[in-house]
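Below are the chains, spelled out letter by letter.
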Amino acid sequence: MHHATPLISTVVVGLVLAFAFGAIAQRIRVSPLVGYLVAGILMGPFTPGYVADQGVANELAEIGVILLMFGVGLHFSLDDLLSVKAIAIPGAIVQITVATLLGMGLAGFLGWSIGAGVVFGLALSVASTVVLLRALQERRLIETERGRIAVGWLIVEDIAMVLTLVMLPVLADLLKGEAAQSLSVQALLLPLAITLGKVAGFVILMLVIGRRVIPWILHYVAHTGSRELFRLSVLAIALGVAYGAAILFDVSFALGAFFAGMILAGSELSQRAAQETLPLRDAFAVLFFVSVGMLFDPMIVVREPGPVLATLAIIVFGKSAAAFVIVRLFGHPNSTALTISASLAQIGEFSFILAGLGVSLALLPERGRDLVLAGAILSILLNPIVFAILDRFLAPRDNAAPRECEGKNRESPKPRQDIPVTDLKNHVVLVGYGRVGRYVSDGLKRSGTPQYVIEDNSDAVARLKAEGLQSVTGNAVDPEVIGSANLPAARCLLVAIPDAFEGGQVIEKARRINPSLPIVARSHSEEETDHLKKHGATDVVMGEHEIAKAMLAGLGIR
Ligand code: AMP
């Protein structure tokens, strides 16, 4: 059956297994990403049972990369990119060099040629876009200074890899030690110049023409009033530009999509465009991890434990140490250096492509590719753990000095394990500090009512803390987070978040802690009002009704 429909079976089996194992991983408090990889291993050729089509899975994964990079571009302006170039460019270059040298050292130890060492080392030097972005997104770090440096760094690595992939076939003979004399300078420099010219051509085209045409198209479609068309136009732009960039300019899909997003950044439509691509982006990012899992032969860990461990050590420790030292040398704080190091302590899609090309050019032995794969999957599996260690390491510091060093971008990395319970009494607990919550909070402040704010967005919480208000970063559904609000002693709970489903969960948890607490929630429809009441809200305010009432009141009608 599945042989006739490889695309359908890969998508369906991939998503179903990823869901099942992702849910199990979540349950046992491991990153769901680990579950997706396990799903991939089960669908791969090295485990019994169903084997999905690797080619199809890789292409699906590539769509995930495109949508992710488009999303990152949407939050990234050219100024942001230029503001980190001073550290991102030298940082990425030095780090690639260090990782390549370490890789060459290991290759030499294993008795491979210099050429094999160079390819192996380069493959170990470049981090996976998807893994890095997922880690930063999970911690809401993308729009902070450290996030911007990490993404800028990634873009430089991306460009370096695009150049490497083009240059490798040209340099293959030289690296194999053959025909060195017949290789003229022209033969070496020409492809390099052409590639750089193409990248520059693409960037200029996007900045000069794309910058005008793409927002125009989106504005036009937005004014037709058709949501469906708007959604379609966003997807068409993200995928179309990425594909066009790859076909016409030999630029990677990721880079093309990033620029497509970046020229929309800052426009009022970017937020909406980002939301429209979210569900697809998540689905395809999951398929990316499944496709990586499929490549993994678990037996290599048993067959060659030494080289696997050495490869892993280069990725997790060697690369990170280099990145840490460089970032510190540039005068950034420890927290920034550690975040960048942890972000880069893994390898992914580019490494597979590079190792594959190395094998097909007879530069890299097949064993080298297996080691790269093993290193990739183990480092991706370890990455959430690396970040967890980082969170633990940074947590006390964040508590002690909430606004140290990084100015407005300072933030704590994650809701922490032991959030202290507030000592406020007879206070109002406010969940959500957005358009509604901010208004409420200002009113409470004016009236001198003590308040405790729970908000998901750490930048907003940093602002609150700066004003001297007690608040916590995190999802109010998290028992630890809601538990910190001292609900038994609270006067009331205001749930000012737009999502009624999540609102219902918050209310249910709060009710369990304090059955007699007055709870007021926010809704957008009659159904949501019912849902919130069913979960224990004392009172529900429907935004749309209040707007209508205010409009009538303006006319003197009640
Ligand atoms: P708005 O719709 O503009 O009032 O914004 C709602 C605010 O609530 C945003 O700042 C969100 O970050 C925040 N928010 C949404 N869901 C949650 C949640 N479950 N826990 C804490 N904050 C949330």
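Here is what the cut-offs are and how they apply
- Residues numbered from 1 in each chain as written.
- Predicted model: local features only at pLDDT ≥ 70, side-chain atom pairs only at ≥ 80, totals over all residues.
- Heavy atoms only, no water.
- Patch = residues over 30% accessible without salt bridge, like charges linked within 9 Å, V, L, I, M, F, W, Y side chains within 5 Å.
- Areas by Shrake-Rupley, 256 points an atom, 1.4 Å probe, with all protein chains shown as cover.
- Salt bridge = Lys/Arg side-chain N within 4 Å of Asp/Glu carboxyl O.
- Helix = DSSP H or I, 4+ residues; strand = E, 2+ residues; numbered from the N terminus.
- Buried < 20%, exposed > 50% of the residue type's maximum accessible area, 1.4 Å probe, protein only.
- Near = heavy atom within 4 Å.
- Polar contact = N/O pair within 3.5 Å; in protein donor to acceptor, adjacent residues only side chain to side chain.
- Nonpolar A, V, L, I, M, F, W, Y, C, P; charged D, E, K, R; others polar.
- Pairing = 2+ DSSP bridges.
- Axes fitted to C-alpha atoms, helices over the stretch in contact; angles between N-to-C directions.
- pLDDT = per-residue confidence, 0-100.
- Contact = heavy atoms within 4.5 Å.
- Phe/Tyr/Trp six-rings, centres within 6.5 Å; stacked < 30°, edge-to-face > 60°.
- Domains from an automatic or database assignment.

Novice: Hey, could you go over a nonpolar patch on the surface for me, with residue numbers and the actual values?
Specialist: Residues Ile204, Leu205, Val208, Ile209 and Val213 make up a contiguous nonpolar surface patch of about 410 Å² in total accessible area. Relative to the elements of secondary structure, Val208 occurs in helix H9 (residues 185–224). By relative accessible area, Val208 is classed as partly exposed at 44%.

Novice: Now, about the site of the ligand: what can you tell me, with residues and values included?
Specialist: Near the ligand lie 15 residues; those nearest to it are Arg435, Glu455, Asn475, Ala476 and Arg522. Glu455 is positioned such that a nitrogen or oxygen atom in its side chain is 2.4 Å from an oxygen atom of the ligand. Measuring from an oxygen atom of the ligand, one finds a side-chain N or O atom of Arg522 at 2.8 Å. Within the complex, 83% of the 510 Å² of free accessible area of the ligand lies under protein. Secondary-structure elements contributing two or more residues to the shell around the ligand are helix H18 (435–447) and strand E2 (451–455). Taken together, the residues of the shell around the ligand sort by class into 6 nonpolar, 4 polar and 5 charged.

Novice: With reference to specific residues and values, describe the sheet that holds strand E1 (residues 428–431).
Specialist: On the basis of which strands lie adjacent, the open sheet formed by 6 strands has the order E3-E2-E1-E4-E5-E6 and parallel pairing. In this open sheet, the two strands that pair with only one neighbour each are strand E3 (470–473) and strand E6 (539–542). Adjacent strand axes in the sheet meet at a mean angle of 15°, parallel and antiparallel pairs treated alike. Where strand E5 (residues 519–523) lies against E6, 4 bridges are found, and the strand directions are parallel. Its bridge partner lying in E6, Ala521 is registered against Val540.

Novice: Please set out the confidence of the model for the chain residue by residue, giving values where relevant.
Specialist: Chain-level statistics for the chain give a pLDDT mean of 86 and a share of 93% at 70 or above. Predicted confidence for residues 397–417 stays below pLDDT 50, and this span has 50 contacts to residues more than four positions away or in other chains.

Novice: Describe the packing of aromatic side chains, listing the residues and the values that go with them.
Specialist: The full count for this structure, using the stated rule, is 8 aromatic pairs. Judged by centre distance (6.4 Å) and plane angle (40°), the rings of Tyr36 and Phe289 are tilted. Remark: Phe289 occurs in helix H12 (residues 270–294) and Tyr36 occurs in helix H2 (residues 32–43); sequence separation between them is 253 residues. Exposure remark for Tyr36: the relative accessible area of 12% places this residue in the buried category. Seen from their ring centres, Trp112 and Phe120 are 5.2 Å apart, and the 85° between their planes marks the pair as edge-to-face.

Novice: Can you lay out the domain arrangement of the chain for me, pointing to particular residues and giving the numbers?
Specialist: Domain annotation for the chain reports domain 1 (6–177 + 186–395) and domain 2 (428–554). Using only C-alpha atoms to locate each centre, domain 1 and domain 2 end up separated by 38 Å.

Novice: Can you break down the pattern of salt bridges residue by residue, with the values?
Specialist: As enumerated under the stated definition, the model contains 9 salt bridges in all. The partner of Glu508 in a salt bridge is Arg512, with the nearest N and O atoms 3.1 Å apart. In this pair, Glu508 and Arg512 are both assigned in helix H21 (residues 500–513), 4 residues apart and thus about one turn of the helix distant. When its relative accessible area of 35% is taken as the criterion, Glu508 is described as partly exposed.

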